[in-house]
Amino acid sequence: MVQVSEKIRAFLNDRWLVFVASMWVQSCSGIGYLFGSISPVIKSGMGYNQRQVALLGVAKDLGDAIGFLAGSLCEVLPIWAVLFIGVVQNFVGYGLVWLIIAHKLPALPLWVLCVLIFIGTNGETYFNTGALVSCVQNFPKSRGPIVGILKGFAGLSGAILTQAYAMFNFPDQASLVFMVAVGPSIVITAVMFLVRPVDGHKQVRPSDHSSFLFTYSICIILAAYLLAVLLLQDLSSLNENVVTILTIVLLILIVLPVIIPIFLVFFSGPRPVLEESLLPEPEKQESSRMGSFILSLSEAEDDKSPEVETLPPSERQKRIAHLQAKLFQAAAEGAVRVKRRKGPRRGEDFTLLQALVKADFWLIFISLVLASGSGLTVIDNLGQMSQSLGYANTHIFVSMISIWNFLGRVAGGYFSENIVKYYAYPRPVAMAAVQVVMAFALFFYAMGWPGSIYVVSVLIGLCYGAHWAIVPAAVSELFGLKSFGALYNFLTLASPAGSLIFSGVIASGIYDYQAKQQHERRVPGSGLNLGVPLLKDDYLTCYGSICYSLTMGIMSGLCIIAFILSMIVVHRTKRVYAQLYGKPQA
């Protein structure tokens, strides 16, 4: 009995259980990706025009992006308390939105709904922060796979929640908002005491690599299964029993990774006593030794000859150290004047204020505003876009873009890592590549070619997701990890900043203009009829690809500008990446 008790205690404190519970948290935390399905419900229930819906979308984006408070609270509160704050915000925000659009509360002004959606969506920043902080501390030497998988589940959450909604067969569309308020709150409340740091760096096992491979396999199977289910639902009419069975299989796949901690604790032998550290011992000693140099010589690094650049890393460091020693000796004898460094260089640790005066940081930020802002505009308006093209089931495309968003995060991190690891080429080149693909997808829709809604759903989902796998890694390489949280949270403001302009002004303005033009053409006596009957409250609805074609064309051009900015960063950081990854630049 004592042994069983010890096993249970070990299971509850196993870092793989924390990781799996964090995956479940993340599978409910991408609430913002459901806005494309929620927005038509709010629009019809409240009688809003497209510009008003776009303002709600901007409020959602701001709530999703502003995570400074969540990051700060993680340093002073236990993780369960941080998650619980997110649960309260999500339940109160979206719960009140549901009561309003279901007419269980009196209609309130638009700004009240904007505040409620901001509060509800901001709850997911607490979910993200709690899960990521716990798992990064528990897996300090596997931060890449950990962050990629967790962010991938956040990207899949839109499709997961949509499928769960389909299973319950609610009587009205407003119930989707009810499920968004209640579903994540129940799941995260159930697991919030499992998500925490558990000294995971002391739980290293030789089987960890196999465990990661199993987790990746589950993720890929889950994405493929969801895609197959969505296509099946789109191509045929499924009865309620079939939908229920498909959803139960989906939930089993989500729960399946819990096999890893169960097997490791109850069925494997005693684990070896191993410990991970952030730096190997030689690197710690080297960093300590380098920290003793208060005076640093800029000339020793900036004025290296081209021959030094081609040397192996160990030999290059010896040459630089030798040069520094000679310069220090000459400075002590008064032969040269030592110039103090005015701040860190790229590749070293920056504070946010130090990064804000660097051109590379602003080039990345503006490029992200243009490209990621365009992607977010598509995600927010996808329900209206598919509706304008005559598709009745808009949830299919919202779920599809969620799946491709997940795959984009996995693929973006994988391929960009290969670029820097094997070629020592700047990681932002991967960002430039996906921005070209985004420009093509948006241009494809702008031209009104057949199947454009599918092309946009796939390619924009992939490319938008890839941005958020590539950019954080690139920023950590160029500006260090010391203030990475502040740097990352600042960059997350890029998407809502772009969406504020592209969706809140450009897309909504053009949509309402086209809807008005179509309404005037359908007025009796005008001599024109588009063949679409005008309903009493239907004058704000636009039909056809013309509703968004001009917006897509504008954003396609903006993505080309983003590509140019990213390539400027690539050119400026070639030497930095050659030094970081120890290979000569091409």
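Just so it is clear, the structure is predicted and the values come from calculations on it, not from any experiment. (Residues numbered from 1 in each chain as written. Predicted model: local features only at pLDDT ≥ 70, side-chain atom pairs only at ≥ 80, totals over all residues. Heavy atoms only, no water.)

Enquirer: Looking at this model, I keep getting lost on the overall build of the protein. Mind explaining?
Expert: Tallying secondary structure elements over the protein gives 25 helices and zero strands in all. Within the protein, the fraction of its 586 residues that count as buried is 51%. Long-range contacts, defined as pairs at least 24 residues apart, comprise 84% of the intrachain contacts of the protein with a sequence gap of at least 6. Carbon and sulfur atoms provide 67% of the accessible area of the protein, an area that totals close to 26100 Å². (Helix = DSSP H or I, 4+ residues; strand = E, 2+ residues; numbered from the N terminus. Buried < 20%, exposed > 50% of the residue type's maximum accessible area, 1.4 Å probe, protein only. Contact = heavy atoms within 4.5 Å. Areas by Shrake-Rupley, 256 points an atom, 1.4 Å probe, with all protein chains shown as cover.)

Enquirer: Mind showing me how you'd approach the environment of His467 here?
Expert: As for its placement among the helices and strands, His467 is situated in helix 21 (residues 452-479). Along the sequence, His467 and Arg409 sit 58 residues apart, while their C-alpha atoms lie 7.5 Å from each other. For His467, the residues in contact, after removing those within four places along its chain, are Leu368, Ala371, Met431, Val434, Gln435, Met438 and Pro472.

Enquirer: For this particular structure, what's the right way to read helix 12 (residues 259-267)?
Expert: Residues three or four positions apart in an α-helix share a direction because the helix packs 3.6 residues into each turn. Taken residue by residue, helix 12 has Ile260, Pro261, Leu264 and Val265 as its buried positions. Viewed along the axis of helix 12, the buried residues span an arc of 105 degrees, placing them on a single side of the element. (Arc of directions from axis to C-beta.)

Enquirer: Can you help me understand the state of the cysteines in this one?
Expert: Covalently bonding the sulfur atom of one cysteine to the sulfur atom of another cysteine gives a disulfide. In the structure shown here, the tally under the stated rule is one disulfide. No disulfide involves Cys559; its nearest neighbouring cysteine sulfur is the one of Cys463, lying 8.6 Å away. (Disulfide = S-S within 2.5 Å.)

Enquirer: Would you explain the pattern of salt bridges in this entry?
Expert: Charged atoms that come close allow side chains of opposite charge to pair. With the rule as written, the count across this model stands at four salt bridges. Measuring nitrogen to oxygen at the nearest pair gives 2.9 Å for the salt bridge that ties Arg205 to Asp14. Taken together, the positions of Arg205 in the loop between helix 9 (175-191) and helix 10 (208-235) and Asp14 in the loop between helix 1 (2-12) and helix 2 (15-26) put the pair 191 residues apart, joining distant regions of the chain. Residue class for Arg205 comes out buried when judged on its relative accessible area of 7%. According to the relative accessible area criterion, Asp14 is buried, its value standing at 1%. Where Asp380 meets Lys60, a salt bridge forms, and the shortest distance between an N and an O atom there is 2.6 Å. You can see Asp380 sitting in helix 18 (residues 359-388) and its partner Lys60 sitting in helix 4 (residues 50-65), a full 320 residues away along the chain. Since its relative accessible area comes to 5%, Asp380 is described here as buried. (Salt bridge = Lys/Arg side-chain N within 4 Å of Asp/Glu carboxyl O.)

Enquirer: What is the right way to read unusual backbone geometry from this model?
Expert: Leaving glycine out, the prevailing phi sign among residues is negative, and the prevailing peptide bond configuration is trans. At His103, a residue that is not glycine, the phi angle is positive and equals roughly 60 degrees. Along the chain, His103 turns up in the loop between helix 6 (79-101) and helix 7 (110-138).

Enquirer: What is the right way to look at empty space enclosed by the protein in this model?
Expert: The rolling of a water-molecule-sized probe over the atoms marks out the regions of remaining empty space. The tally for this structure, following the rule as stated, stands at two cavities of 30 Å³ or more. Its volume calculated, the largest cavity comes out at about 50 Å³. Lining the largest cavity, in full, are Phe35, Ser39, Gln50, Val53, Ala54, Gly57, Asp380, Asn381, Gln384 and Ser503. At the level of secondary structure, the elements contributing two or more residues to the lining of the largest cavity comprise helix 3 (35-46), helix 4 and helix 18. (1 Å grid on protein atoms, 1.4 Å probe; cavity = no way out; pocket = protein on both sides within 12 Å on 5 of 7 lines; lining within 4 Å. Points joined across faces, edges and corners; volume = space filled by probe spheres on them.)

Enquirer: Honestly, the packing of aromatic side chains in this entry has me stumped. Any pointers?
Expert: The geometry of an aromatic ring pair is captured by two quantities: the separation of the ring centres and the angle between the planes. In this structure the tally under the stated criterion is 18 aromatic pairs. Summarising the aromatic geometry, the rings of Tyr391 and Tyr454 are spaced 6.3 Å apart at their centres and angled 85 degrees between planes, so their arrangement reads as edge-to-face. Taken together, the positions of Tyr391 in the loop between helix 18 and helix 19 (395-423) and Tyr454 in helix 21 put the pair 63 residues apart, joining distant regions of the chain. Classification of Tyr454 as partly exposed rests on a relative accessible area of 27%. (Phe/Tyr/Trp six-rings, centres within 6.5 Å; stacked < 30°, edge-to-face > 60°.)

Enquirer: Would you mind going over the confidence of the model for the protein with me for this structure?
Expert: Confidence along the protein averages 79 in pLDDT terms, with 80% of residues attaining 70 or more. Under a pLDDT of 50 for its full length, residues 277-304 has, in the predicted model, 30 contacts with residues more than four places off or in other chains. A low-confidence stretch, residues 534-539 stays under pLDDT 50, and its non-local contacts, those more than four residues away or across chains, total seven contacts. (pLDDT = per-residue confidence, 0-100.)

Enquirer: Help me out: how do you make sense of a nonpolar patch on the surface in this one?
Expert: Taken together, the side chains of Val4, Ile8, Leu12, Phe214, Ile259, Ile262, Phe263, Phe266 and Phe267 present a nonpolar region at the surface, about 790 Å² in accessible area. The element best represented in the nonpolar patch is helix 12, accounting for five residues. With respect to the helices and strands, Ile8 occurs in helix 1. Exposure remark for Ile8: the relative accessible area of 41% places this residue in the partly exposed category. (Patch = residues over 30% accessible without salt bridge, like charges linked within 9 Å, V, L, I, M, F, W, Y side chains within 5 Å.)

Enquirer: How should I be thinking about the packing of helix 6 against helix 7 in this particular structure?
Expert: Two elements in contact, helix 6 and helix 7, have axes separated by 7 Å at closest approach and are oriented at 155 degrees. Classified by the angle between their axes, helix 6 and helix 7 sit roughly antiparallel to one another. The hand of the helix 6/helix 7 crossing is left-handed. A breakdown of the residues in the contact of helix 6 with helix 7 according to their chemical character gives 16 nonpolar, ten polar and no charged. (Axes fitted to C-alpha atoms, helices over the stretch in contact; angles between N-to-C directions. Parallel < 35°, antiparallel > 145°, perpendicular 65-115°, else oblique. Left-handed = near helix turned anticlockwise from the far one by under 90°. Nonpolar A, V, L, I, M, F, W, Y, C, P; charged D, E, K, R; others polar.)

Enquirer: Just checking my understanding: could you explain the packing of helix 18 against helix 21 for this structure?
Expert: Relative orientation and spacing of two packed helices are given, respectively, by the angle between their axes and the distance between those axes. Packing of helix 18 against helix 21 leaves a shortest axis separation of 10 Å and a crossing angle of 155 degrees. On the basis of the axis angle, helix 18 is roughly antiparallel to helix 21. As helix 18 runs across helix 21, the sense of the crossing is left-handed. The residue inventory of the contact of helix 18 with helix 21, partitioned by class, reads 17 nonpolar, five polar and one charged.

Enquirer: Explain the nonpolar core to me, please; I cannot follow it from the model alone.
Expert: Proteins that are soluble and globular tend to have nonpolar side chains buried together. Counting residues in each nonpolar core, the largest one holds 62 residues, and the members touching the most others are Phe361, Val378, Met385, Ile460, Phe479, Tyr548 and Met552. Element by element, the count of residues in this core is highest for helix 21, at 14 residues. Aside from chain neighbours lying at most four places away, what touches Ile460 is Gly375, Val378, Ile401, Met438, Ala441, Leu442 and Val455. Counting residues in hydrophobic clusters, the runner-up holds 56 residues, among them Val18, Phe127, Ala159 and Leu250. (Core = buried A, V, L, I, M, F, W, Y, C linked by side-chain atoms within 4.5 Å.)

Enquirer: How should I be thinking about helix 19 in this particular structure?
Expert: Taking 1.5 Å of rise per residue, the 29 residues of helix 19 would be expected to cover 42 Å, and the 41 Å separating its terminal C-alpha atoms lies within 8% of that figure. One or two steps after helix 19, the chain reaches Ala424, where phi turns positive at roughly 50 degrees. (Expected span 1.5 Å × (residues − 1).)

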